[in-house]
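# Topology and contacts: notes
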Amino acid sequence: TTAVNTAFALAHEYKQNTVVVDMDFQFGMIAKNLDRTSTYGIKDLFEHPDRGIDNTLIERMLVEYRPGLKLIAAPQDLRLLPSVRPEVIRDLIVTLQDQFKYVILDLPHIWTPWIAAALSHSTHHVLVAQLWLRSAAHAARLLGAWEEVGVDRAGVTLAVNRSGSKFKEAVSPHDFERVCGKKISAYLPNETRTIVEAENMGRTILEVGAATPLCRSVRELAHHCSATALSFAMHTHQVA
């Protein structure tokens, strides 16, 4: 949700060609939530890892959502998580950067060499978490792992999702920052009704609730990230 709506803000409000890549091979829902289908999508990258990444392959993988915003969808069927050479991810990012101003990678909550490669070759990193004790612990572990592959913790954008909701295991922002050793950069309000309405309509939240606090926060996140980033690696850890 955060990745695709940030992508829409960059494409629609900044008038920049943008692509969001759903790299959650098993459970990615970006295309489905936007009522788009794709015969190919990211599965071409994983099923044929020995094939070089070129513009012809990229064009086959892309599906348009709105002018200026394209998607690379996750597979529709459930499959085993594939093994991918890190250099394939590097080549994908480099090729996409030739065509798009902004490349947003929506990463699954796992740790593999190809996810480390996605982080290493991105110019900005967004970690999405919630104010839960378990989320704080996992976020701290992820930030430590990111540093080991060369990601500067100081340059990471830490975004708190579902801000304002009351959870049994909620922790304060101050305690969350203390555990992670990282200041929170953005708060995304808990507006379940807006999100459900958008998903039911197959649209982004910015198209159905433009004046809501959540939409304002997404725009602010897009503005925060847009100054220096060509490719975003967006890693979400949430406890549902």
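Keep in mind that what you see is a predicted model, and the values were worked out from it rather than measured.

With 93% of its residues at a pLDDT of 70 or more, the protein has an overall mean of 89. Ranking the helices and strands of the protein by mean pLDDT puts strand β3 (residues 69-72) first, with 97, and strand β8 (residues 231-236) last, with 63.

In this structure, lysine 15 is a non-glycine residue whose phi angle is positive, near 55 degrees. Following the sequence through the fold, lysine 15 ends up in the loop between α1 (2-13) and β1 (18-22). Notably, aspartate 35 is not glycine yet its phi reads approximately 55 degrees, a positive angle. Inspection of the secondary structure puts aspartate 35 in the loop between α2 (30-33) and α3 (43-47). Using a relative accessible area of 60% as the deciding quantity, one classes aspartate 35 as exposed.

Among the six residues of strand β5 (residues 124-129), six are classified as buried, and the element is accordingly described as predominantly covered. Of the two faces of β5, the one holding His124, Val126 and Val128 and the one holding His125, Leu127 and Ala129 are both buried throughout. The β-α-β motif built from β5, the intervening helix α7 (residues 133-148) and the parallel element strand β6 (residues 156-163) has right-handed crossover chirality.

Taken as a whole, this structure holds eight salt bridges when the rule is applied. When the shortest N-O distance is used, the salt bridge between glutamate 147 and arginine 153 registers 3.2 Å. By relative accessible area, arginine 153 is classed as buried at 18%.

This brings us to the pairing of strand β4 (residues 102-107). Taking burial as the measure, the six residues of β4 include six buried ones, the bulk of the element. The side-chain alternation of β4 yields two buried faces, one formed by Tyr102, Ile104 and Asp106 and the other by Val103, Leu105 and Leu107. Taken together, the five bridges between β1 and β4 define a ladder with parallel strand orientation. Residue pairing for β4: valine 19 is matched across the bridge by valine 103.

Another point: the environment of tyrosine 102. Within the secondary structure, tyrosine 102 is located in strand β4. Separated by 91 residues in sequence, tyrosine 102 and alanine 11 have C-alpha atoms that sit 8.5 Å apart.

Moving on, we get to the packing of aromatic side chains. Applying the stated criterion across every chain yields a total of one aromatic pair. Relative to tyrosine 65, the ring of phenylalanine 8 has its centre 6.4 Å away and its plane inclined at 70 degrees; by these criteria the two rings are edge-to-face. In this pair, phenylalanine 8 is assigned in helix α1 and tyrosine 65 in strand β2 (residues 62-66), connecting sequence segments 57 residues apart. Given a relative accessible area of 3%, tyrosine 65 falls into the buried group. Above the face of the tyrosine 65 ring, arginine 66 is positioned so that its terminal group lies 4.3 Å from the ring centre. Residue placement shows lysine 101 over the ring face of tyrosine 102; its charged tip is 5.8 Å from the ring centre.

Looking at the secondary structure, you find glutamate 197 in helix α9 (residues 192-201). Glutamate 197 gets classed as partly exposed once you look at its relative accessible area, which sits at 38%. For the pair glutamate 197 and proline 113, spaced 84 residues apart in sequence, the C-alpha separation works out to 36 Å.

Positionally, aspartate 91 belongs in helix α5 (residues 86-99). Of the residues examined, aspartate 91 reaches a relative accessible area of 30% and is grouped as partly exposed. Taking C-alpha positions, aspartate 91 is 8.2 Å from glycine 52, a pair spaced 39 residues apart along the chain.

Right, let's talk about helix α8 (residues 173-180) for a bit. For α8, the complete set of buried residues consists of Phe176, Glu177 and Cys180. Seen along its axis, α8 keeps its buried residues to an arc of 95 degrees; they face one direction. Facing away from the buried surface of α8 by more than 90 degrees, the exposed residues are His174 and Arg178. Those residues of α8 that are buried are in contact with β5, α7 and β6. Positive backbone phi, approximately 65 degrees, marks glycine 181, located one or two places after α8.

So, on to the state of the cysteines. In the structure shown here, the tally under the stated rule is zero disulfides. For cysteine 180, which is in no disulfide, the shortest distance to another cysteine sulfur is to cysteine 225 and amounts to 17 Å. In this model cysteine 225 remains outside any disulfide bridge; the closest cysteine sulfur is found in cysteine 215, 16 Å from its own.

So, how was this worked out
- Residues numbered from 1 in each chain as written.
- Predicted model: local features only at pLDDT ≥ 70, side-chain atom pairs only at ≥ 80, totals over all residues.
- Heavy atoms only, no water.
- pLDDT = per-residue confidence, 0-100.
- Helix = DSSP H or I, 4+ residues; strand = E, 2+ residues; numbered from the N terminus.
- Buried < 20%, exposed > 50% of the residue type's maximum accessible area, 1.4 Å probe, protein only.
- Right-handed = clockwise from strand over helix to strand, strands pointing away.
- Salt bridge = Lys/Arg side-chain N within 4 Å of Asp/Glu carboxyl O.
- Pairing = 2+ DSSP bridges.
- Phe/Tyr/Trp six-rings, centres within 6.5 Å; stacked < 30°, edge-to-face > 60°.
- Lys NZ or Arg CZ within 6 Å of the ring centre and 35° of its normal.
- Arc of directions from axis to C-beta.
- Contact = heavy atoms within 4.5 Å.
- Disulfide = S-S within 2.5 Å.

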